[in-house]
Amino acid sequence: MTQQERTVLITGAASGIGRATAEALAEDGWFVAAADQDDSVVTIGDRLGGSGTVVDVTSKADVDTWVANAPLADALVTAAGRFGQRLLVDSVDGEWEELLAVNLLGSMRALRAWARTRIAAGGGGAAVLVASNNAFWPSRGLSAYCASKAGVLLLGRCAASELGEYDIRVNV
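Fair warning: this is a prediction, and the values are worked out from it, not measured in the lab.

Asks: Could you clarify how one ought to interpret the pairing of strand E6 (residues 168-171) in this entry?
Replies: If a strand is regular, its side chains alternate between the two faces of the sheet. Along E6, the buried face is formed by Ile168 and Val170; none of Arg169 and Asn171, which line the opposite face, is buried. Note: strand E5 (residues 125-129) against E6, four bridges, orientation parallel. From the neighbouring strand, Ala126 faces E6, where its bridge partner is Arg169. You can see the chain leave E5, run along helix H5 (residues 143-163) and come back into E6, and the turn it takes is right-handed.

Asks: Could you clarify how one ought to interpret the nonpolar core in this entry?
Replies: One recurring pattern in soluble globular proteins is that nonpolar side chains are buried together. Residues Leu9, Leu111, Trp114 and Val170 are the most contacted members of the largest nonpolar core, which totals 26 residues. Elements represented by at least two residues in this core include exactly strand E2 (31-36), helix H3 (60-69), helix H4 (93-120), E5, H5 and E6. It is H4 that contributes the most residues to this core, six residues altogether. Excluding anything up to four places from it in sequence, Val170 contacts Leu111, Ala127, Leu129, Gly156, Ala159, Ala160 and Leu163.

Quick notes on the rules
Residues numbered from 1 in each chain as written. Predicted model: local features only at pLDDT ≥ 70, side-chain atom pairs only at ≥ 80, totals over all residues. Heavy atoms only, no water. Buried < 20%, exposed > 50% of the residue type's maximum accessible area, 1.4 Å probe, protein only. Helix = DSSP H or I, 4+ residues; strand = E, 2+ residues; numbered from the N terminus. Pairing = 2+ DSSP bridges. Right-handed = clockwise from strand over helix to strand, strands pointing away. Core = buried A, V, L, I, M, F, W, Y, C linked by side-chain atoms within 4.5 Å. Contact = heavy atoms within 4.5 Å.

Here is the structure:
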């Protein structure tokens, strides 16, 4: 398989790390199947010569449908993320739930759906889950964000140990 034939799924592709990754991989010849909750992802996907789909990573149905309708992908990048800053004692459950739903559960849903397609195709592939240095170094007012990114780090490590037997690499 040549590099020009490779496909990557990228969440959070409308901005930040996700968009930069999508642009770099498209420039390197990859077909990019971009996803984001921002509808600008459709234009971005088209501009990159790939596809762009509006996806809410907090929705299992959205993620499963996106992965099922995308070309079989050699790689996955989970870059969708939220940032929130508030002291623990001032925080509210909804803020925690949103950060965990997007950062941790969104990564899990995309990884799970993609890994199932790779296993069904005979294995192989690589996933990168975007975490943060805050998974290691806590910061004042970032308890929910740090916890969500630490969860992504451990999700990636656990997934690597489980998916290695299928020749699927997972990095964080």
